Amino acid sequence: MSKTDLSRRHFLGAAVSTAAAAALPGLAHARTQTALPEKWDMETDVVVLGCGGAGMMAACQAHDAGAKVEIFDKGQSPFHTATNLCGGLFAAYGTKMQKADPSIKDSWEAFAQDIIAYGNYMSLKEPVYAFAKHSGEAFDWLAERGLAKHHIEPYAGHSHNRCMRQESFKGRDYIEVLVKQLEERKLEIHHGMGVKRFFYDEAQNRVVGVECGEGKNKVTCRAKMGVVMATGGITGTAESLDRWVPNVAGKGVVIGCPTSDGEAMLTAVRDLGTPLSHMQYIASYPCGIVTHGRNGPYCRWWFITNNGGILINKNGKRFITEKEGICHVTPSLAFNPDGCHYVLADEATWQRTLQKIKLSALVGLPSWTAERIESEFQKGQNLWKADTLEELCEKSGVNLEGLKEQLAVWNKAVETKNDLQFGRKDQEWKIEKGPYYLIRMFSWNNLSCGGVRVTEHFEVLGWDMKPIKGFYAAGETVAGVHGAFYCGGNACGFAHTSGYMAGKYVTGYKEA
């Protein structure tokens, strides 16, 4: 695929956002004009805001380019960040491991096209292209510095084998590598020091520093080269998510770092007139187990369906193909009774699944142990186990007659290799012998897809769609990477890749 082929795609999101910005020149005058400090409390070359995967990557790269770096973070630990909470899947083109497999014929253009297509062509090409081109470099940098043992695995939405995964299925592996790298470079994180003001030199159209913290902890810091904003998204709390995305208000599980509330982005809007884009889009997985309020863990149901399980609603009926990309399943939940769905397995399916993935990785991200999962089956509120279908439906409330009819249709489709409901041809196993396992899931809202617009060099765009000098963004703070739907592995991959490159670009790095 050529660059020309990609450029023909209609990036509707870009067109709408650009047109809106052009129609609102008054935003340029909405900036709060704040006098620069007569004396700065601190001076450095590069300020990094945030200490997740994107922020720590940016800090390391800027340091290695010879810059003096200061890191400010609203939270209290790198282990309280979105990267730490993720499942560790890192989508990347051109890793050493991928290149070592001659059967994989991937390209950055193919990777970019997959992202754009999965996102319903609502992506912005600049961050997508930058991610696709440099993702392999970023992953290899981590791998060469002690990342836990990993492998390549296929994943829905990706046309080539490019998704890297550690055996732990935990984003914590990346944080542990990066924390060690900060320690080796003697880079300190100033915790509890969220950004409160951006200092802007209008004559130069440049961000020249920041004010972070409050009260006695408030400091101003001059940034001679620039500022990298890697402050996360908006899904940190139910309150922040519902405020930003009203259509999910009161629905499903909300999970994220509590400090990911969008405050830094709003501060940039106020002080710099920076427009936001794609704020209506979030990554909403159909995987959330609601245990109390809006909290709860995550079920990787596709491991069950790949080994013979099926997805059903409360009527006992399949409502979608189990091979659909997971974020594309979520909208269908709105048409299901109670807005939820279930994954169903018999004993043979359950055992096949556990031969390939640990129980604690299958159910319970980020914190349930195998013992906790077994106790939840005993409790019978969201997870059920029963010897017969009758007992299973009595416990769960799923319609028995509907489920029996569905299993007859499914088992016939296995025999004929012809799924008349949703067109599958790969079904191998009937569902026919108990004990049966059933897990109920709602939406799991864990990633925001909106934020500031950037160039392919991660320079933040101002109200006039021109770069603001000295101001860069990385990670979940960047808009338009995923478009309308997030494809697995791209959030973790983009966070580290954008931080890796933004940390270089802020120091003046030029590509050959």
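**Student:** Before we go on, may I ask you to explain the side chain of T274 in this structure?
**Tutor:** Note on placement: T274 falls in the loop between α10 (263-272) and β11 (276-277). Filtering out sequence-adjacent residues up to four positions away, T274 remains in contact with A268, V269, V452, V460, L461, I468 and F471.

**Student:** Is there a simple way to explain the pattern of salt bridges in this structure?
**Tutor:** Pairing is possible between side chains that carry opposite charge, provided their charged atoms lie close to one another. Inspection of every chain in the model, using the stated rule, returns 29 salt bridges. Between K133 and E456 there is a salt bridge, with its nearest N and O atoms 2.8 Å apart. Residue K133 is located in helix α7 (residues 125-143), and its partner E456 is located in the loop between β19 (451-452) and β20 (459-461); the two are separated by 323 residues in the primary sequence. Owing to a relative accessible area of 27%, E456 belongs among the partly exposed residues under this scheme. Note that K314 is salt-bridged to D338, the shortest N-O span being 2.8 Å.

**Student:** Please explain the nonpolar core as it appears in this structure.
**Tutor:** A general feature of soluble globular proteins is that nonpolar side chains tend to end up buried together. The biggest cluster of nonpolar side chains holds 135 residues, and the ones touching the most others in it are F198, W301, I439 and F471. Considering each element in turn, this core owes the most residues, 9 residues, to α7. When residues no more than four places from it in sequence are discounted, the contact partners of W301 are P286, C287, L311, E322, E324, I326, V329, H341, V343 and M441. Membership of the second largest hydrophobic core comes to 19 residues, among which are W384, L392, L407 and I431.

**Student:** Can you help me understand the confidence of the model for the protein in this one?
**Tutor:** Atom-level detail of predicted coordinates should not be read off regions where pLDDT is low. Across the protein, pLDDT averages 91, with 93% of residues at or above 70. In the model, residues 1-30 has pLDDT below 50 throughout and makes 39 contacts with residues more than four positions away in sequence or in other chains.

What counts as what
Residues numbered from 1 in each chain as written. Predicted model: local features only at pLDDT ≥ 70, side-chain atom pairs only at ≥ 80, totals over all residues. Heavy atoms only, no water. Helix = DSSP H or I, 4+ residues; strand = E, 2+ residues; numbered from the N terminus. Contact = heavy atoms within 4.5 Å. Salt bridge = Lys/Arg side-chain N within 4 Å of Asp/Glu carboxyl O. Buried < 20%, exposed > 50% of the residue type's maximum accessible area, 1.4 Å probe, protein only. Core = buried A, V, L, I, M, F, W, Y, C linked by side-chain atoms within 4.5 Å. pLDDT = per-residue confidence, 0-100.

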